[in-house]
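The residues making up each chain are set out below.
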Amino acid sequence: MTDTVTDRFLRYVVIDTQSDPKSSTQPSTEKQKNLARILVEELMAIGLTDAHLDEHGYVYATIPSNVDKPVPVICFCSHMDTAPDFTGANVKPQIVRNYAGGDIRLSGDPQQVIRVSDNPELGNQIANDIITTDGTTLLGADDKAGLAEIMTAAQFLVDNPDVRHGAIKLLFTPDEEIGRGVDKVDLKKLGAEFGYTVDGETAGHIEDETFSADGVEITIRGVAIHPGFAKGKMENAIKIAGAIIDRLPKDIAPETTAGRDGFVHPIGVTGSMEKATLGFIVRDFDEAGLAVKEAMLEDIVNGVMADFPGSSYTFEVKQQYRNMKAILDRHPEIVENAMEAIRRAGMVPVRGSIRGGTDGSRLSYMGLPCANIFAGGHAFHSPLEWISRQDMDKSVRTLVELAKIWEERA
């Protein structure tokens, strides 16, 4: 077994760990444990004797402190699952060595092209080694890059006892991609004070803010009757659902928003003439913005329903996660230390916001304040996903520096 970050990454991506939002089990797919067991074996081979996999699919381990003074216990966290958006089975990673620039056409499906126009970060990758798929699957850099980087940093710290650091907890989670990544995590057992998810994108980036997020489910009950006798009586739930979607404002959709703009996004429609269900996700950086968008959505529903007096609806809002910035602002050292680590690893730190969420969003509100550090991947959840070997190396260096900084500043 070789143990460069690239070697690890290439081992991990060929293991199918796709999660399943339709499953009620934890983890949602047993195959996630296939990777988890390998991670435990590798952690124990490194020398982390407490490494283990629990019944819910979480991997825990500890890099023991090698100093006498008290140092805050930090956690490095990444998730093992890949997104349901595109298949993660039979991944065939390809390496473009010494990238010379230009678009990258993928060998398994020539219609799939990683275009520089869509990926401006490729301009910073000249002479680097770019890892892609063959175009028929996603790559899984989200977040197997994070796993490989944490594992490689852990090995470095164990192999170099002269590098001073406090205790560091490792946490690998299932089901992050379907919003259940920390549902059954045992924070008491983990025993960390502050954390970092290694789940970001561009090298040098540190994020301390996410969307706040809700899910909305609307159930329409129409009036069903034989179509031969339906005039003036039928109220088709499918058509009611279609009318609601048709009235959504075009300027608050994912495809028309950027920066700090939130959105309302339909993610599923099922139904029959008698009953139809619509699923939405609502996103905004502020909770007040969520409330405004949800009220707007219910106003649309009421406006449509006025034309169908025999029909009824239910409107259910479920909280998914909240902007972690409110918690992280109470602990500025989390981001300050990460920015210094990025500088020491040779980059200019870029502090930003995530138009999405991470395990850290929920962990922060559960008592483990958690910022998000770059892992280096791009074009997540698609066959056009890519990452460079050099950016993964930068992430490993950042994690090692971060461990040192927490010890120095304790």
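On a predicted model such as this, the values are computed, not experimentally measured, just so you know.

Rules behind the numbers
Residues numbered from 1 in each chain as written. Predicted model: local features only at pLDDT ≥ 70, side-chain atom pairs only at ≥ 80, totals over all residues. Heavy atoms only, no water. Pairing = 2+ DSSP bridges. Helix = DSSP H or I, 4+ residues; strand = E, 2+ residues; numbered from the N terminus. Salt bridge = Lys/Arg side-chain N within 4 Å of Asp/Glu carboxyl O. Buried < 20%, exposed > 50% of the residue type's maximum accessible area, 1.4 Å probe, protein only. Axes fitted to C-alpha atoms, helices over the stretch in contact; angles between N-to-C directions. Parallel < 35°, antiparallel > 145°, perpendicular 65-115°, else oblique. Left-handed = near helix turned anticlockwise from the far one by under 90°. Contact = heavy atoms within 4.5 Å. Nonpolar A, V, L, I, M, F, W, Y, C, P; charged D, E, K, R; others polar. Lys, Arg positive; Asp, Glu negative; His and termini not counted. Polar contact = N/O pair within 3.5 Å; in protein donor to acceptor, adjacent residues only side chain to side chain. 1 Å grid on protein atoms, 1.4 Å probe; cavity = no way out; pocket = protein on both sides within 12 Å on 5 of 7 lines; lining within 4 Å. Points joined across faces, edges and corners; volume = space filled by probe spheres on them. Phe/Tyr/Trp six-rings, centres within 6.5 Å; stacked < 30°, edge-to-face > 60°.

Asker: Describe in detail the sheet that holds strand 3 (residues 74–79), supporting the description with residues and values.
Answerer: Pairing between sheet strands relies on hydrogen bonds along the backbone, with the strands arranged either parallel or antiparallel. Ordered in space as 1-2-8-3-9-16-10-15, the eight strands form an open sheet in which the pairing is mixed. Every interior strand has two partners, whereas the edge strands, strand 1 (52–53) and strand 15 (350–354), have only one. Bridge count between strand 10 (residues 205–210) and strand 15: five bridges; the pairing is parallel. Bridge pairing links His-205 to Val-350 in strand 15.

Asker: Tell me about the pairing of strand 12 (residues 263–271), and name the residues and values.
Answerer: When strand 12 meets strand 13 (residues 275–284), the two strands line up antiparallel, connected through eight bridges. Along strand 13, the bridge assignment pairs Val-269 with Leu-278.

Asker: Describe in detail the pattern of salt bridges, supporting the description with residues and values.
Answerer: Pairs can form between side chains of opposite charge whenever their charged atoms are close. Going through the model one piece at a time under the given rule, you end up with 24 salt bridges. Asp-208 is the partner of Lys-325 in a salt bridge, and the nearest nitrogen-oxygen pair spans 3.5 Å. Of this pair, Lys-325 sits in helix 7 (residues 325–328) while Asp-208 sits in strand 10, and the two are 117 residues apart along the sequence. Owing to a relative accessible area of 4%, Asp-208 belongs among the buried residues under this scheme. Two residues, Glu-408 and Arg-344, come together in a salt bridge whose shortest N-O distance is 2.9 Å. Placement of the pair is Glu-408 in helix 10 (residues 389–408) and Arg-344 in helix 8 (residues 333–344), with a sequence separation of 64 residues. By relative accessible area, which is 41% here, Glu-408 ends up partly exposed. Shared partners join several salt bridges into a network, and the residues in it are Glu-340, Arg-343, Arg-344, Glu-401, Lys-404 and Glu-408.

Asker: Before we move on, could you go through the packing of helix 5 (residues 237–246) against helix 6 (residues 287–305) and cite the residues and values that matter?
Answerer: Packing of helix 5 against helix 6 brings their axes to within 9 Å, and their N-to-C directions diverge by 135°. The orientation of helix 5 with respect to helix 6, classified from their angle, is oblique. The hand of the helix 5/helix 6 crossing is right-handed. Counting all contacts with helix 5, which are made through Ile-240, Ala-243 and Ile-244, the residues of helix 6 involved are Ile-300, Val-301, Val-304 and Met-305. Classifying every residue of the contact of helix 5 with helix 6 by side-chain character gives seven nonpolar, no polar and no charged.

Asker: Tell me about the side chain of Asp-134, residues and numbers included.
Answerer: In this structure, Asp-134 sits in the loop between strand 7 (130–132) and helix 3 (141–159). Buried Asp-134, no salt bridge; nearest opposite-charge side chain is Lys-92, N-O distance 4.5 Å. Polar side-chain contacts of Asp-134 include one of 2.7 Å to the side chain of Thr-136. Discounting chain neighbours no more than four positions away, the residues touching Asp-134 are Lys-92, Gln-94, Leu-106, Ser-107, Gly-108 and Asp-109.

Asker: An account of the side chain of Asn-119 is requested, with residue identities and associated values reported.
Answerer: Its place among the elements puts Asn-119 in the loop between strand 6 (113–114) and strand 7. For Asn-119, a relative accessible area of 11% gives the class buried. Ignoring any residue separated from it by four or fewer positions in sequence, one finds Asn-119 in contact with Ile-114, His-378, Ala-379 and Trp-386.

Asker: So what about empty space enclosed by the protein? Which residues, and what values?
Answerer: Using a probe with the size of a water molecule, rolled over the atoms, empty space left in the structure can be pinpointed. Taken as a whole and judged by the stated rule, the model has one cavity of 30 Å³ or more. Its volume calculated, the largest cavity comes out at about 30 Å³. Looking at the largest cavity, the residues that line it are Cys-77, Ser-78, His-79, Asp-143, Thr-173, Glu-176, Thr-197, Asp-199 and Asp-359. Elements with a contribution of two residues or more to the lining of the largest cavity: strand 3 and strand 9 (194–200). Here the lining of the largest cavity is built from residues that sort into one nonpolar, four polar and four charged.

Asker: So what about the packing of aromatic side chains? Which residues, and what values?
Answerer: For the structure shown, the criterion picks out five aromatic pairs. Considering the side-chain rings of Phe-194 and Trp-406, the 5.4 Å spacing of their centres and the 20° angle between planes classify their relative orientation as stacked. With a gap of 212 residues between them, Phe-194 in strand 9 and Trp-406 in helix 10 connect regions that are remote in the sequence. On the basis of relative accessibility, which here comes to 10%, the residue Phe-194 falls in the buried class. Judged by relative accessible area, Trp-406 falls into the buried class, the value being 5%.

Asker: Now, about the pairing of strand 13: what can you tell me, with residues and values included?
Answerer: Here strand 13 lies mainly inside the structure; nine of its 10 residues are buried. Two elements, strand 11 (residues 212–221) and strand 13, share 10 bridges in a ladder whose sense is antiparallel. By the bridge assignment for strand 13, Thr-219 is matched with Thr-277. Linking strand 12 back to strand 13 in an antiparallel pair, the connection comprises three residues.

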